[in-house]
Amino acid sequence: MKWFNSCSRLVQIILLLIPFVNWIVEIVVRWDAFLKKPGVIKLVFAILATISLGILGWVDLIWCLLFNHLIFAK
């Protein structure tokens with residue numbers, strides 16, 4: 001999670017634009033966020049990221065453009 005947030009905004013956007021890479025980044029960042037600070041919302045988003053096959057990544061792309069971090073993974 002810290003790695004993704006420390007990347008430049010351009011790198012974040014590129015990682016979220018590429019479909020399969022988007023899904024892998026989502027899984028890694030979401031589960032890392034849950035393992036660092038467990039919570040119900042973080043667990044739900046980690047599970048959604050795992051089973052959504054990258055669809056959540058497109059939502060996070062827009063969120064990242066607006067707020068510079070993923071939804072509930074700050």
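From a predicted model like this one, the values you see are computed outputs, not experimental measurements. (Residues numbered from 1 in each chain as written. Predicted model: local features only at pLDDT ≥ 70, side-chain atom pairs only at ≥ 80, totals over all residues. Heavy atoms only, no water.)

(A) Spotlight on the overall build of the chain. Helices and strands together make up the secondary structure of the chain, namely five helices and zero strands. Counting from the amino terminus, helix and strand elements in the chain follow one another as α-α-α-α-α. Taken against the 2.2 N^0.38 rule, which gives 11 Å for 74 residues, the C-alpha radius of gyration of the chain at 11 Å falls within 12% of a compact globule. Summarising its shape, the C-alpha atoms of the chain cover approximately 30 × 25 × 20 Å along the three principal directions. Expressed as a percentage of its 74 residues, the buried residues of the chain come to 41%. When contacts within the chain are restricted to residue pairs at least 6 apart in sequence, those whose partners lie at least 24 apart make up 62%. (Helix = DSSP H or I, 4+ residues; strand = E, 2+ residues; numbered from the N terminus. Rg over C-alpha atoms; globule rule 2.2 N^0.38 Å. Buried < 20%, exposed > 50% of the residue type's maximum accessible area, 1.4 Å probe, protein only. Contact = heavy atoms within 4.5 Å.)

(B) Structural context of the pattern of salt bridges. Summed over the entire model, instances satisfying the criterion amount to three salt bridges. The salt bridge partner of aspartate 60 is arginine 30, with a shortest N-O separation of 2.6 Å. Separated by 30 residues along the polypeptide, aspartate 60 in helix α5 (residues 55-67) and arginine 30 in helix α3 (residues 19-36) bring together distant segments of the chain. Its salt-bridge partner being aspartate 32, residue lysine 36 comes within 4.0 Å of it at the nearest N-O pair. (Salt bridge = Lys/Arg side-chain N within 4 Å of Asp/Glu carboxyl O.)

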